[in-house]
Amino acid sequence: MLELKKVALLLSFLASVALQSDRNRRAAINAFTDTQSTLPGVTEWTSWFNIDHPGGNGDYERLEAIRFYYRERVCSRPIAMEARTTDWVAAADTGEVVHSSLEKGFWCINKEQPQGRICSNYHVRFQCPPQSYWTDWSEWGPCSTSVCEDVGIQVRQRKCVNTQPMPLLLVPACQGHHSERRECSNPPKWSPWGRWGTCSVTCGGGRRIRRRTCVRDSAPVHCAGRPVEIQKCGKGQCPKCQIVCTEGRPSEDCSRCVCEGHVLHGEVHTVTNVPVVGAWVALANQPKVIRARTDAKGRFRLPGVCSSSSTLISIRKEKFAPITVSTSSNTTGLSWVHAVLKSAKPYIVKHPEDKVRYEGARVLFCCKATGSPIPDKYYFHNGTLLDRKVYKYEEDLVLRDLKLEQSGQYYCKTSSPAGSIKSSPALLTVIKGTPACNSTPETHFVRLPPDCVQPGIDSMFYNAGRCPHNKCAGSLDFDMRCRDGDGFCCGVQSMESRTIDCGSYSLPIRAVTQCTCQKCLQPTVLVRGRVVTADNNEPLRFGHIYIGKDRVGTTGYQGSFTLKITPDTQRLVVNFVDPTEKFLDTPKVFIFDRKGGSIYHDVKVMRKQTPIDINAGETNSISLGEMIGEDPIGQLVIPPNSFHKDNGEIYEGTVKASVTFIDPRNITTAAAAPGDLNFVDNEGDMLPLRTYGMFSVDFRDETNKDVLGAGAVQVLLDTQHVKMQEHIPKMKLWSLNPDTGVWEEESDFSYTTTTGGHGRSKREERTFLIGNMEIRERRLFNLDVPENRRCYVKVRAYMSDKFLSSEQLEGVVISLINLEPKPGYSSNPRAWGRFDSVITGPNGACLPAFCDAQRPDAYTAYVTAMMGGEELEAAPSSPKMNPNIIGVSQPYLDKIDYQRSDHDDPALKKTAFRINLAKPNQNNLDETNGPIYPYQSSIACENAPVDANHFRFFRVEKDKYEYNVVPFEENDLTTWTGDYLSWWPNPQEFRACFIKVRIQGQKEVMVRSKNLGGTHKETTGKLYGIRDIRSTRDMREANTSAACVEFKCSGMLFDQAEVDRSLISVLPQGNCRKIGTNNLLQEYLIKHPPVAQNNESNAFTMLAPVDPLGHNYGIYTVTDQNPRLAKEIAIGRCFDGTSDGFSREMKSDSGVALTFSCPERKINRESLFQRLQTNPGQTLSQMARDMRESEGLQVQRSSTRVVAYPSEQRTGSRRVSSTTRRRVSMRTQQRQ
């Protein structure tokens, strides 16, 4: 009976397995049949995939493997799948057990098949959903706040996925929002119990306390339970002092052992071996009880400290990090301690960022600083300290429920015993109701071509409108970031096509009609330049470039470099290191253009002095500054046995010593000054220094060239070189922090007097200032004084010498070298004291400078301007001083004594000017309108109107004109607008194209390129823009000039969907005839149809090549992330006639595409102007007689018109009457 039951159970189990297998087979059949009927509207399947064969365990067509081999050919979420055998039998009809999943794919396992069969060889295909669909919602993110009494936000997101590779603008967007938010809060709960506090007594019975806090969202909500617990402690009886002293006796408080008559000796120095005076010395277990102070030599004595055991000593001093050191002793019973106090001043590494918010919203400002000890942070609003208790900030500042009055500047100040520093200010704009972006565009005049004068108004300008360059409050996905994820700016929403009537022709233009708040264009910020030596411009080849501790690049063979700057950079400190050790390692603080302009820096470095051999065991003196006919400014005095290795071991032997001095008496060294000559005062403000010389030291082991340090080095400064006596008591010794580019104080100076030396009389006394330092990791030092006589100088740069306010240039680097002193402060040669650079913005630039109110000539300045490696020309000062040209009114101009660099010698360059820095007298109305402003009037200088006094530079290139149908300012990449007719189709990559045109003729001529759409359906026949340029004379060939003419490059337009071959017409303006075309260029155009008709003899027409051809074709193409730099490089190559060179002198015989003959028209008769020049009296008399006769004739016969020109000339379509012609002829014969 039992056996029958077992058989029945077995049959039941087998039946259930068979039933389940049948269900699986039916499910598989249903999975692969009639799939298209359930998916209306979807018509495409993928191709068939077969990546596995049924050998081994079976056939596995895994979706993951298919995606690996076929990349993007399968969409991310297929909605159906079909499987067939390679014999085209559907999977459902094979009778095999198969499995499928839209997430995993398809598989068939051999051991599951009935009767020992193996799986067939399958291939599969997938069906994808519509082009765009939403992914599943992500999980809700964390609550944005954990602060009490606050409600936070949770965010979840989904993505819109596109399954077909279609152009970006044509992909349909998903319906709905990509993110959802909901409010969240933290329920009231107790925090974990804190640690038990210290017992109130050590014996005799006491108590101790521990606490916890209630974390809640609002005041009415409370946590259940008590916030405090009390526990008894210290119940034992109080014994007598049980401390066991191996030496001495216990102290009265039983805290230590006291040894009568024993004294602990100690010394406290800085890391530069300078004694620390007035440091507080205490026992580590009683830090508040001051037991000694250090004397003038940094020494102290602490009586009663036993030598048998180590004692911890605490040492503190303002501006230094506190330190705890252990005493040392020897067998003689003496004990001592040597302490080194370190001071790392605070430095801001993350600054708060500008924000725009609506009223009632919230905002987060972040500030991060380094330093030792760790600095505290304080936030300020418009200069007022924000109460930490009210605003509840520690690291970051959070402002909630914003009000309009909370707009303004915010900055943080970090402070520690070592010092303070302030961050860059961040601007918060709070908007109420109306958006910050006005939909109505502001006025913006575009200059029209020279031959376009609008009838009726005779104006060469047209108002194309533009959107204001300000930030606005957009829709942020999350508003509590240090830097907003997406910045929002006022930008173009719509434009319209208009036609400008130029009289003889019409000119199209795209004008802005409406503005809106949209995501800001993030331009690429670049810093470029070239590193060369200050003495002979030898390039720093393959030098290493560091930002902080990170190596970010290498200079090229010619010393060139390019740096890409991150958007959150506030202060750019770059260190150039020469691996060959021929040049000094030079840290530079670079200015850069946040709007995306590529700033060019001509970096100068000093060549290292040739090392000399000195004996480490002797006293050595090294002079600082050696100029012919001049005494050294100072000297280094190195005591014997001062040199040491990195491990502290004293070095004995010969030292290779190289001391390079940057002498301010040599003006050519000003550009090689490291850092930016600034220091941070006790209040955290960055202030300027005036230098009396900088020096770099390099001491090395003669044998293995290891770098050596030196201790107790003295620096002597000869006071005869300090012409301003008030500077002597302020003089300090500084060292440069290579990571921050800030000069930090090393030591003060004291007086000493010596006699004789340096070829002087032995009885002559000389006064020196002495400073002490130790040479460790820092190798750059400075002899400086803080200077409080400061001003600002207003400078503007223009496109031409017409100095039109609408043609100001942005992104120009203006440099100012402070020179001093002037007569009254005798010095020969003149010395420089400071070097500063500033970038021009839309309202010019304000340069910091030293100035003096008592003597106008006490300080002078030398000012230059450079844009993309090109020097700009200053307003002329000779042959006659013209205030309207210079930009400064009288009588202030005479007081300033403006002189361009060629004022006394016309052969000199015209690219700089010199002025007296006379501090303006605020009681004199003539001096309150610039161009020099008091230091406290920096805002007045920055916001000065264009008609206020200012100094001027202008571009040397003249007779150059550019017109874009879609207006764009190349010095501000944020003005780019996406349009089919945009000259630059991509705001992240700019391609400049030029064609070289040779002109044979006595005079230079204007050459124009007219640029139309050629092959793109949206732009065919439509104007992109016009370029005019005057040809440049080739100084090597007579009667020959050439022009590098820009044209619209062929390529993708802004939608990146289709290439347009631009239709280019090159037209020299004058009596010109085409006589030659580059054979390679002509052959290329023929081989790359379509070919433009080119029948006119006075012009050349082509469909611009797509390929970057090169100088052999006369075409020059450069692609760069900055349009202005791309054009500068292309022009330099075009002038040079090569594909990789650069020149500013035109070479008309190299790399030419077109040649035109433009002969000068012969003049067969004298013009009225020429007759006035040769015989003015007779000509004027004749004109008077002709005018009287003309008036008489007009009375007799009004239809006749008489003019004072020779008889052959016609006026309009009318002829001069025969009577008048005979009279003129008779008078002419009489004169002859």
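Small disclaimer: the values here were computed from a predicted structure and weren't measured.

Draft legend 1. Examining empty space enclosed by the protein more closely. Within the structure shown, the criterion is met by four cavities of 30 Å³ or more. For the largest cavity, the calculated volume is near 50 Å³. Every residue along the wall of the largest cavity is listed here: V966, P967, F968, T975, W976, T977, S982, W983 and W984.

Draft legend 2. Examining the state of the cysteines more closely. Going through the model one piece at a time under the given rule, you end up with 12 disulfides. Residue C199 pairs covalently with C233 via a disulfide, S to S 2.0 Å. Negative torsions about the S-S bond denote left-handed disulfides, and the value of about 95° found for C199 with C233 makes this one right-handed. Taken as a pair, C199 in the loop between strand 10 (189-190) and strand 11 (206-211) and C233 in strand 13 (residues 228-233) lie far apart in primary sequence, 34 residues in all. Given a relative accessible area of 24%, C199 falls into the partly exposed group. The exposure class assigned to C233 is buried, which follows from its relative accessible area of 11%. A disulfide bridge connects C791 with C851, and the sulfur atoms are separated by 1.9 Å. On the S-S bond that ties C791 to C851, the torsion sits near 65°, and the link is right-handed.

Draft legend 3. Structural context of the pattern of salt bridges. On inspection of all chains with the given rule, the structure shows 50 salt bridges. Close ionic contact of E353 with R483 constitutes a salt bridge, the shortest N to O distance being 2.7 Å. Of the two residues, E353 sits in the loop between strand 24 (344-350) and strand 25 (355-358) while R483 sits in the loop between strand 35 (461-463) and strand 36 (488-501), which places them 130 residues apart along the sequence. Residue D698 is joined to R700 by a salt bridge in which the shortest nitrogen-to-oxygen separation is 3.2 Å. For the pair D698 and R700, one class covers both residues: buried. Salt bridges sharing partners connect three or more residues here, namely K960, E962, R1027, E1046 and K1127.

Draft legend 4. Structural detail: the pairing of strand 54 (residues 742-748). Judged by how many residues are buried, strand 54 sits mostly within the fold: five of seven residues are covered. Taken together, the six bridges between strand 53 (residues 732-737) and strand 54 define a ladder with antiparallel strand orientation. Looking across to strand 54, one finds that L733 is bridged to S747.

Draft legend 5. Spotlight on helix 7 (residues 1079-1087). Buried residues of helix 7: L1081, Y1084 and L1085, and no others. Buried residues along helix 7 cover an arc of 95° about the axis, so they all sit on one side. Away from its buried face, by an angle of more than 90 degrees, helix 7 presents the exposed residues N1079, I1086 and K1087. Between the side-chain oxygen at the start of helix 7 and the backbone nitrogen of L1080 there is a gap of 2.9 Å, and the oxygen is on N1078.

Draft legend 6. Main features of the sheet that holds strand 39 (residues 544-547). Taken in spatial order, the four strands line up as 40-39-42-43 in an open sheet, and their pairing is antiparallel. Two strands lie at the open edges of the sheet, namely strand 40 (550-554) and strand 43 (586-590), each paired on one side alone. Within this sheet the neighbouring strands show an average axis-to-axis angle of 30°, counted without direction. By the bridge criterion, four bridges tie strand 39 to strand 40 in an arrangement that is antiparallel.

Calculation rules
Residues numbered from 1 in each chain as written. Predicted model: local features only at pLDDT ≥ 70, side-chain atom pairs only at ≥ 80, totals over all residues. Heavy atoms only, no water. 1 Å grid on protein atoms, 1.4 Å probe; cavity = no way out; pocket = protein on both sides within 12 Å on 5 of 7 lines; lining within 4 Å. Points joined across faces, edges and corners; volume = space filled by probe spheres on them. Disulfide = S-S within 2.5 Å. Helix = DSSP H or I, 4+ residues; strand = E, 2+ residues; numbered from the N terminus. Buried < 20%, exposed > 50% of the residue type's maximum accessible area, 1.4 Å probe, protein only. Salt bridge = Lys/Arg side-chain N within 4 Å of Asp/Glu carboxyl O. Pairing = 2+ DSSP bridges. Arc of directions from axis to C-beta. Polar contact = N/O pair within 3.5 Å; in protein donor to acceptor, adjacent residues only side chain to side chain. Axes fitted to C-alpha atoms, helices over the stretch in contact; angles between N-to-C directions.

From the geometry alone we can't say anything about function, so treat these as descriptive.
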